[in-house]
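# Descriptive structure summary
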Amino acid sequence: MEKASVFLKRIMLGILLAVLLVTLGLILREGMTARSYLAALALGALWCVGLFWLLRRGALDPPPRAALRAMLLCLVLNGLWVSLVRIEPFSDYAEYWDVARALADGRAVPDAWYVAMYPHILGTATVLSLPIRLFGAKLSVVTAFNTLLTTLSCGLVWLLGRELLSRRAAYVAALLWAVAPCKLMLGSLVFSEPIYTFLILLFFWLFLRLERRMRRGSLWAACGMAALGLLLAAIQIVRPIASILLIAVALWLLFLRGREAKNARRWLTWLITFAAMLGLFRAALTLWNGHVERVLDQEIATVPWYNIYVGLNGETGGRYTDADMDLLTAYLKQGLTADEAQRHMIPHIKERLSSGLDYKKLLAEKLFAFLGADQLGGYTYRFTRPERFVKICMVLCNVFYYGVYLAGIAGILRMLRRRTLSPGLLLPLFFLGLTLAHMLVEVADRYHYSLIPLLIIFAVLGLTGEERRNP
């Protein structure tokens, strides 16, 4: 089983590495016409090499209370940015803001038909309504909440780095997350990414801690692992991607545990635990969906057929377009429910599939849109700030991202060469799973936000080579 698990691990990491290298090729191709990408890539490589040199010389050794220092840096930087650079909600961000205020005030949810299409809007708005109830309906309340969540995420990056790598690597990873410019700039928005990214990192850390105790035969750890189904439900409520985490857990359980998979008693324990986790996940979602339908007073959509339809739009590279949304809303105007309107998109999906799509071109465009750049933090300010400010912010975001990206490739290569098997493989499994999922559905560069802290962990492994042998 050990050899088989190592072989399957290398297949999985090999696929992930291929995806990252293909994306790198797309970045270089894009840079032939938009030279800013090449400049950002070169500067990213430069700071990456500089950090590698510093680490080789023994720099950045963790000081006392290293995690608190990194979190304080994150808090100060993000707090200063969101207090100085503000932006009024627009588009989907305005939808989150309006729904959150309505919930805080006890009013009817505005645009209930749209929220029924995307129930996770109500999930995010419900979370955001809590600080609004306490401190008032001011944008600064939401941006302060974003800052708190990103700071807590910094602490979780430290904890994950310490579990999987080393104390020094954990400190470097936490510092990189603290100074990540795109995360800092996006903190001025009203959106879901800081919430579900924090929850995903919390899930990974708890899973690693509980799995280690389960190996020692702890019944309480098994109960805690099962209870993670509730955390997965919370992720799904805010952003419907928890199924990718469940699939990652199932794949790790079946194929990547090495000699652990030979123990029949542990197999039984894991099967019961996973079944309980799945049961709690489904039960919590059933209760939540009932709550959403009562709040909206209408049936909600179950399968996002519209997003699959958008993901097959060869003209936009799988990204949003008003024409696609107009088609969906046309069905709603006929008096259909959100779920019925979504199901009416199925024939249109079939039509696009049979329309002679250039799948190679479409997938390349979607892959670049998803992983090829991280400039949204600056681009978000295009309506409210001078053009030069926007361009500088976009370049800063890409320079940081490309440095982490290149180091992340080195980290995946290190993982690929080593025979180590651990539950830490859930991180690359989720990274690959989310990427592949967006090759099917609608894509946008904002959707890779939750992958940035994982890429940072891969990058620090690539820079330091420090990996815990028995996490």
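Here, every reference points to the structure presented above.
Here's what I pulled together on the structure shown here. (Residues numbered from 1 in each chain as written. Predicted model: local features only at pLDDT ≥ 70, side-chain atom pairs only at ≥ 80, totals over all residues. Heavy atoms only, no water.)

## A short note on the overall build of the protein chain
Scanning the protein chain from N- to C-terminus turns up 22 helices and 0 strands. Its C-alpha radius of gyration of 22 Å places the protein chain within 12% of the 23 Å reference for a compact globule of 471 residues. If you line up the protein chain on its principal axes, its C-alpha atoms span 60 × 55 × 55 Å. Here the protein chain holds 471 residues, and the buried ones make up 57% of them. (Helix = DSSP H or I, 4+ residues; strand = E, 2+ residues; numbered from the N terminus. Rg over C-alpha atoms; globule rule 2.2 N^0.38 Å. Buried < 20%, exposed > 50% of the residue type's maximum accessible area, 1.4 Å probe, protein only.)

## Some details on helix α8 (residues 167-179)
Since the α-helix turns once every 3.6 residues, residues separated by three or four places project in the same direction. Between the first and last C-alpha of α8 there are 19 Å, a value that for 13 residues agrees with the 18 Å anticipated at 1.5 Å per step. The element α8 is extensively covered by neighbouring structure, given that 11 of its 13 residues are classed as buried. Regarding α8, the residues found buried are R168, A169, A170, Y171, V172, A173, A174, L175, L176, W177 and A178. Those residues of α8 hidden inside the fold are in contact with α2 (35-56), α3 (66-84), α7 (139-164), α9 (181-186), α20 (387-417) and α22 (452-464). (Expected span 1.5 Å × (residues − 1). Contact = heavy atoms within 4.5 Å.)

## Focus on the nonpolar core
Core analysis: the largest hydrophobic core is formed by 182 residues, its most contacted members being F203, F204 and F430. Broken down by element, the residue count for this core peaks at 15 residues, all from α20. Among all residues touching F430, those that are not within four sequence positions of it are I200, F204, I241, I244, L245, A248, S450, L451 and L454. (Core = buried A, V, L, I, M, F, W, Y, C linked by side-chain atoms within 4.5 Å.)

## A few points about the pattern of salt bridges
Opposite charge on two side chains allows them to pair when their charged atoms are near. Evaluation of the coordinates by the stated rule reveals 14 salt bridges. Note that D339 is salt-bridged to R343, the shortest N-O span being 3.3 Å. On the criterion of helical spacing, the pair formed by D339 and R343 is a turn pair, its members being 4 residues apart in helix α16 (residues 338-343). Residue D339 is classed as buried on the basis of its relative accessible area, which comes to 7%. Looking at R343, the relative accessible area reads 42%, which means it is partly exposed. Put simply, K391 and E387 hold a salt bridge, and the shortest N to O gap is 3.1 Å. Linking K391 with E387, this pair stays in helix α20, spanning 4 residues, or about one helical turn. Residue classification places E387 among the exposed positions, given a relative accessible area of 56%. Sharing partners across several salt bridges, the network here consists of E163, R209 and R212. (Salt bridge = Lys/Arg side-chain N within 4 Å of Asp/Glu carboxyl O.)

## Re the side chain of T435
Considering the arrangement of structural elements, one finds T435 in helix α21 (residues 426-438). Assessed through its relative accessible area of 2%, T435 is described here as buried.

## Quick look at empty space enclosed by the protein
Per the counting criterion, the structure on display carries 6 cavities of 30 Å³ or more. Estimated volume of the largest cavity: approximately 180 Å³. Every residue lining the largest cavity is counted, 15 residues in all, and those nearest its centre are L164, M415, G424, L461 and E467. Here the element with the most residues in the lining of the largest cavity is α22; it accounts for 3 residues. Reported here for the second largest cavity is a volume of approximately 50 Å³. Lining the second largest cavity, in full, are A180, P181, C182, K183, D374, F400, Y401, V404, I452 and L455. (1 Å grid on protein atoms, 1.4 Å probe; cavity = no way out; pocket = protein on both sides within 12 Å on 5 of 7 lines; lining within 4 Å. Points joined across faces, edges and corners; volume = space filled by probe spheres on them.)

## Observations regarding unusual backbone geometry
In the Ramachandran plot, L60 falls in the positive-phi region, its phi being about 60 degrees despite a non-glycine side chain. Its relative accessible area of 31% is what places L60 among the partly exposed residues. Notably, D111 is not glycine yet its phi reads approximately 50 degrees, a positive angle. Following the sequence through the fold, D111 ends up in the loop between α4 (91-105) and α5 (112-117). Judged by its relative accessible area of 39%, D111 falls in the partly exposed class.

## Some thoughts on the environment of P89
Here P89 shows up in the loop between α3 and α4. Placed 99 residues apart in sequence, P89 and S188 show a C-alpha to C-alpha distance of 9.1 Å.

## Here we look at the packing of helix α12 (residues 242-255) against α21
Where α12 meets α21, the closest approach of the two axes is 9 Å, and the angle between their N-to-C directions is 130 degrees. Comparing the axis directions of α12 and α21 gives the class oblique. Where α12 crosses over α21, the two elements pack in a sense that is right-handed. Residues I244, L245, A248, V249, L251 and W252 of α12 touch α21, and the partners they reach there are L426, L429, F430, G433, L434 and A437. Across the contact of α12 with α21, the residue classes tally to 11 nonpolar, 1 polar and no charged. (Axes fitted to C-alpha atoms, helices over the stretch in contact; angles between N-to-C directions. Parallel < 35°, antiparallel > 145°, perpendicular 65-115°, else oblique. Left-handed = near helix turned anticlockwise from the far one by under 90°. Nonpolar A, V, L, I, M, F, W, Y, C, P; charged D, E, K, R; others polar.)

## Regarding a nonpolar patch on the surface
A contiguous nonpolar surface patch, about 700 Å² in accessible area, is contributed by F7, L8, I11, I15, I247, L251, L254 and F255. Elements represented by at least two residues in the nonpolar patch include exactly α1 (2-31) and α12. Looking at where F255 falls in the secondary structure, it is placed in helix α12. Overall, F255 belongs to the partly exposed group, its relative accessible area being 40%. (Patch = residues over 30% accessible without salt bridge, like charges linked within 9 Å, V, L, I, M, F, W, Y side chains within 5 Å. Areas by Shrake-Rupley, 256 points an atom, 1.4 Å probe, with all protein chains shown as cover.)

## Examining the packing of helix α11 (residues 219-238) against helix α13 (residues 264-296)
Where α11 contacts α13, the two axes come as close as 8 Å, and the packing angle between them is 35 degrees. Considering the relative orientation of α11 and α13, their crossing is right-handed. Every residue of α13 that contacts α11 at A222, M225, A226, A227, L228, G229, L230, L232, A233, Q236 and I237 is listed here: T269, W270, T273, A276, M277, L280, F281, A284, L285 and W288. Taken together, the residues of the contact of α11 with α13 sort by class into 17 nonpolar, 4 polar and no charged.

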